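Summary of structural features
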Protein chains: 2
Amino acid sequence: MAGNIKFDCVDIGAGFWGKLQTRNKNVTIHSVYDRFCETGRVQAFAHTWKEGEPNRPHIFWDSDVAKWMESAAYILRKDPTVPKLEAQVEAIIDNIERNQDADGYFNSYFQVVEPEKRWQVRAWHELYCAGHLIEAAVAWHDTTGRDRFLRCMMKYADYIERVFVIDKSAAFTSPGHEEIELALVKLWCHTGEERYLKLAEFFLDQRGTTGVVLDDRGHAVSGTKNIQDHMPVREQTEAVGHSVRAMYLYSAMADVAGIRGDAVLRTACEKIWDSAVNRRMYITGGIGSTRVGEAFSLDYDLPNASAYAETCAAIALAFFATRMNELKPDGKYADVIERVLYNGFLSSTSLEGDSFFYENPLEIDLDRNRARDAVGDTGMRPITQRVRVFNCSCCPPNITRFVAELGDFLYTTDDTTVYVNQYTESTADFDGITIAQQTNYPHDGKITLKVTGMAGKTLAVRIPGWCGEYTCSHTGTLADGYLRIPGADEMTVTLELAMPVTLIESRPEVHENAGRVALTRGPLVYCLEGVDNGPHLRDLAVLPEGAAQMEYDAKIGAYIIEVPGCRRDPARFHKLYEPYSRARRQDVRLRFIPYYAFANRGESDMLVWVRTA
Amino acid sequence: MAGNIKFDCVDIGAGFWGKLQTRNKNVTIHSVYDRFCETGRVQAFAHTWKEGEPNRPHIFWDSDVAKWMESAAYILRKDPTVPKLEAQVEAIIDNIERNQDADGYFNSYFQVVEPEKRWQVRAWHELYCAGHLIEAAVAWHDTTGRDRFLRCMMKYADYIERVFVIDKSAAFTSPGHEEIELALVKLWCHTGEERYLKLAEFFLDQRGTTGVVLDDRGHAVSGTKNIQDHMPVREQTEAVGHSVRAMYLYSAMADVAGIRGDAVLRTACEKIWDSAVNRRMYITGGIGSTRVGEAFSLDYDLPNASAYAETCAAIALAFFATRMNELKPDGKYADVIERVLYNGFLSSTSLEGDSFFYENPLEIDLDRNRARDAVGDTGMRPITQRVRVFNCSCCPPNITRFVAELGDFLYTTDDTTVYVNQYTESTADFDGITIAQQTNYPHDGKITLKVTGMAGKTLAVRIPGWCGEYTCSHTGTLADGYLRIPGADEMTVTLELAMPVTLIESRPEVHENAGRVALTRGPLVYCLEGVDNGPHLRDLAVLPEGAAQMEYDAKIGAYIIEVPGCRRDPARFHKLYEPYSRARRQDVRLRFIPYYAFANRGESDMLVWVRTA
């Protein structure tokens, strides 16, 4: 089994990723903290809330703050000079230590608001919150070396084991919203305490074993696809249900498959992966196409305007992908991580770094939104502007931790090979090997790798799935998406990935995209915005053979692309319906910006899948 | 002011319309009656229902049965030999006479189920039911010469006048669902009793005068757009709200505008007409694009798969159009009636004539429906198969009466001119004039009119809006959609309307149809069905310059059209997203059937707006 190199060993430089991390530590992490203070999330840890006061705690607020704490830990690990974070985290830990029950239980909602409901309702996120607190505790210990938080959470994990495995005193046996499973694997990995791994396996094995169970009001509390509880995990073959829950579960399944060498579990993961990314994923890497249950739909059901494509789901897909890559390195996993990172994840955050999308649609049609509003039908209305905090604000602290740990995604190693998964200006130092990446990626495809300590090993550089042509200074063998080059004690590998503007089409099974293409360059998916291209974006058409012009935009931090196209001139129509005529077409220049940068200039129409002329 | 020639003066021959009328009197009228017996609607008129029994009466069942009675009257007027209808109607009239209150009130729901609620809730359709009963009574008197039913309904109308105008004892002053207004105009026209016209005007004038009024539960009971109550009718400029209610209201407005010479009301009607048909109507003549409130949406919001386009709304649009044509004859009105008749109305009924669509979508995508079902999102799911009866079964008896009175739509006259609005095999005899139409329309565009008694008058033959080229045996002047030919005592006019297969595009403002065309021939709109064309209809593309082949289909009763097209071959895709290539295209023949005939061969995908290659 291969292993990912942790970001501790990787320093991200001043390139595209470096700018993301700088924004994250300078702006986003603080903005999220301030919002969490304003909304009462941080204060909730004091357990002093009284009925009638504002900011009533919520069942999953602990998870929001925990992800923020984990983010702070990662940021401080790479840059201890970032102000305020350490004291802010420690103050929260003070509250956790002070308010944790003697038995180990900690939850700012249930201890304060509904203590009688502890472990009574599967859907109420207690184990989900516990999982995120455990991840945060491990991260904080790694960063500070101080084990106060970690000890609290080990005590909590011990208590969970007692409740669920030994006493079986909870009203349910398997978590609702998954997360605790992968957190317990992390806790095992960090502490070496086998019981935590077994507890993770217990939760995995419990899932999908009860059949459908209804509560007093006839609602299914077990056995549903939405929580991936419709069958035992080893029998599952498709990505189903709530997409974040799904990906957290699949991540833990991949973890255990690798740790235990469980071939059946691994096969399930592979089938699920295939389902998720080859039939149920947007070109942006977004998953979970329907807002009904925030869930996967059926194969090829990928509507654009109503695309849910939750930010957390994109992040979680990257978590699953990186674990799959550990099971068997293949460029297809890093391809998906790259697709997510530059598109459906990055779109979540404003260019300023302080506001967020929860959903990431692939089309905004303001006329249609107005029509829906006018008749009182807001069911399919996409969000058109980022906001600073949500009622359900799971995404912003997931964004901060994902950016802070981007270094995790660069390298994977096994006994013989170092896999270079992602390209960005950076240096790395691990296992006696150093790798310095010099590149302007993703703005151009030239990457220079200065490598030492690789004699006798293989350097496997990923040739992205989007790349049709490349040159490399070294001869190698291309297999499973990596060009495998014999290593040397000192070597400078120059890779040049051709990065033309490329139009992408979808399979015919994706009905929404028939007759339409997405413009891409390298890993970036582009979109049209109304602010650049006027009204009726769905009517614009790109000329497939037209020459593209590029222009670097410093604010967006990427190239803007113009291509020739056409549209129909509304002034040449006299009636609602007229005989078809090409004469109504007029030539236009279509101005594309990277998808990730949409909605940064006020409300505007937006479209990824554009007609071809 | 012009006047329409009633169907009493017109005999429909054996052509397209004749076949519709034959099916109507042989199959549909009986099928609707049987369903209305099975569901308790007919029995409800006996007023014997008791709490706990099945088939609890419903607040608008009287209107369903009344429309069926009106249909029976029209059918019997042209063919007294149709069996059973007369006795069936008389039996219902027996019940009405027996159960009408001494004060004149009649309602099979409120008298039996909730007598204390009489005239208490505006939204509960009492005046709507009364209006349909009045229309039926007028029709029955015209057909049979027996005035028993008419006297009952005059008594009811007198009582309504007392309640609403004199005593003002009802809890509301203006009807919820419109219908009574146009019915009272008919009753005035039939009886000469001015009070009925004034009562109609009273209801029109009350509408939109209260502002928003909320009930105890905070629901708006007055002042909403859904019942066109947002402003006084003379100030209204747009087709809004529940589309059937709207069209019944606008019909009465047009009636009164003509009768009173009310220029302000007429201008309102003209603006509303423009809004309805030039910005808010499907190519099929369907109106009311959203199921939320069964209503008009904003301009150009015409989604295809979720198109509501209620059958009753299409019929009601024809009612409005024919009244507008009386205000000032213009071919544009008959164009819309024709569009409705051959497409969005006719689609409502199965080829066998015994099952019905309430909604008439312009696209069915079974894959998408399955996906929505799988996640529990049925909000946008279109109906895919006709049914024999609905819980809200307003459409079937509206269909039977509309087909029975099709003769109403052929001719309009004023002092100088006879307007020939529609073409179908038929003879007519009115005002000393006879017109015999010989034609195979809509299968070809040749029409021979043998006319007598027109010396000194003008014969105005409509040149349909869809017609780009025509020839006529007589010289005339084309104005307002009619070719105006000097009349003679005997004349044979031969008109030949070129009827090529024509691709139609929508204005760019209709975002759903960008890059797509509808195939038409003459007045018929065509569609693709999956059963003929395989899966993924949205991916099929028509070659605009391709030659069409036609083949008459006796079961459908129209030509089927094949044109060359292309599709992308799913076997040439290896991934969900691939670089755009024309090489994946394969030539296919696209087989189009008339839209009206869709869904007659089991569940199938269906598409009106097809890509162009």
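Residues numbered from 1 in each chain as written. Chains lettered and ligands numbered in written order. Predicted model: local features only at pLDDT ≥ 70, side-chain atom pairs only at ≥ 80, totals over all residues. Heavy atoms only, no water.

Observations concerning the pairing of strand 14 (residues 482–486) of chain B
All names here are of chain B.
- Where strand 11 (residues 458–462) meets strand 14, 5 bridges bridge the pair, whose relative direction is antiparallel. Its bridge partner lying in strand 14, Val461 is registered against Leu483.
- Relative to strand 14, strand 13 (residues 477–479) is paired through 3 bridges, and the arrangement is antiparallel. When the sheet's bridge partners are listed, Ala479 is paired in strand 14 with Tyr482.
- The turn linking strand 13 back onto strand 14 is made up of 2 residues, and Asp480 within it adopts a positive phi angle of 50°. (Pairing = 2+ DSSP bridges. Helix = DSSP H or I, 4+ residues; strand = E, 2+ residues; numbered from the N terminus.)

What about the packing of helix 7 (residues 194–206) of chain B against helix 8 (residues 243–260) of chain B?
Residue and element names in this part refer to chain B.
- Orientation of helix 7 relative to helix 8, taken along the N-to-C sense of each, is 125°, at an axis distance of 11 Å. With respect to each other, helix 7 and helix 8 are oriented oblique. Where helix 7 crosses over helix 8, the two elements pack in a sense that is left-handed. For the pair formed by helix 7 and helix 8, the contact residues are Glu194, Leu197, Lys198, Glu201 and Leu204 on the first element and Leu249, Ala252, Met253, Val256, Ile259 and Arg260 on the second. (Axes fitted to C-alpha atoms, helices over the stretch in contact; angles between N-to-C directions. Parallel < 35°, antiparallel > 145°, perpendicular 65-115°, else oblique. Left-handed = near helix turned anticlockwise from the far one by under 90°. Contact = heavy atoms within 4.5 Å.)

Focus: the packing of aromatic side chains
Residues and elements named next belong to chain A.
- Per the stated rule, a full pass over the model turns up 62 aromatic pairs over all chains.
- Relative to Tyr441, the ring of Tyr423 lies with its centre 5.7 Å away and its plane at 65°, an arrangement referred to as edge-to-face. Within this pair, whereas Tyr423 is found in the loop between strand 7 (417–420) and strand 8 (426–430), its partner Tyr441 is found in the loop between strand 9 (433–439) and strand 10 (446–452), the two being separated by 18 residues in sequence. Take Tyr423 and Tyr441: they sit in the same class, and that class is buried.
- One aromatic cluster in this structure is built from Tyr105, Trp119, Tyr156, Tyr159, Phe164, Phe172, Phe202 and Phe203. (Phe/Tyr/Trp six-rings, centres within 6.5 Å; stacked < 30°, edge-to-face > 60°. Buried < 20%, exposed > 50% of the residue type's maximum accessible area, 1.4 Å probe, protein only.)

Re the relation of the copies chain B and chain A
- Here chain B sits on chain A after a turn of 180° about the axis and a move of 0.0 Å along it, with an RMSD of 0.0 Å. With respect to symmetry, the two chain copies, as superposed, fit the operation of a two-fold axis.
- The fraction of interface residues of chain B whose copies in chain A are also interface residues reaches 100%, indicating that both copies meet through the same surface. (Least-squares fit on C-alpha atoms with pLDDT ≥ 70 in both.)

So, the nonpolar core
All names here are of chain A.
- Residues Trp68, Trp119 and Leu459 are the most contacted members of the largest nonpolar core, which totals 201 residues.
- The element that contributes the greatest number of residues to this core is helix 10 (residues 311–327), accounting for 12 residues.
- Sequence-distant contacts of Trp68, that is, excluding residues within four places in its chain, are made with Ile29, Val32, Tyr33, Phe36, Leu85, Gln88, Val89, Ile92 and Pro397. (Core = buried A, V, L, I, M, F, W, Y, C linked by side-chain atoms within 4.5 Å.)

Here's the deal with helix 2 (residues 61–78) of chain A
- Between the first and last C-alpha of helix 2 of chain A there are 27 Å, a value that for 18 residues agrees with the 26 Å anticipated at 1.5 Å per step.
- Counting buried positions along helix 2 of chain A yields 17 of 18 residues, so the element is predominantly enclosed. (Expected span 1.5 Å × (residues − 1).)

Re the pairing of strand 9 of chain A
Residue and element names in this part refer to chain A.
- Here strand 9 shows a buried face lined by Ile433, Ile435, Gln437 and Thr439 and an unburied face lined by Thr434, Ala436 and Gln438.
- Two elements, strand 8 and strand 9, share 5 bridges in a ladder whose sense is antiparallel. Of the residues in strand 9, the one forming a bridge with Ala428 is Ile435.
- Hairpin connection, strand 8 to strand 9: the antiparallel pair is bridged by 2 residues, and Asp431 has positive phi, about 50°.
- As judged from the 6 bridges shared by strand 9 and strand 10, these two strands associate in the antiparallel manner. Residue pairing in the sheet places Gln438 in a bridge with Thr448 of strand 10.

Examining the interface of chain B and chain A
- Taken together, the contact between chain B and chain A spans 65 residues of the former and 65 residues of the latter.
- For the pair chain B and chain A, the summed buried area comes to about 5,300 Å², and 56% of that belongs to carbon and sulfur atoms.
- Together, Glu505(B), Leu576(B) and Tyr577(B) form the three largest contributors to the area buried by chain B at its contact with chain A, with a combined 16%.
- Among the ionic pairs, Arg372(A) bridges to Asp301(B), the shortest N-O distance being 2.8 Å. (Buried area = accessible area lost by both parts, 1.4 Å probe. Salt bridge = Lys/Arg side-chain N within 4 Å of Asp/Glu carboxyl O.)

Re the sheet that holds strand 1 (residues 3–4) of chain A
Residues and elements named next belong to chain A.
- Here we have 6 strands laid out as an open sheet, ordered 1-6-7-11-14-13, and mixed in their pairing. Looking along the sheet, the strands with just one partner apiece sit at the ends: strand 1 and strand 13 (477–479).
- Of the strands in this sheet, strand 11 (458–462) and strand 14 (482–486) touch helix 11 (residues 331–345), which is tilted by about 45° from strand 11.

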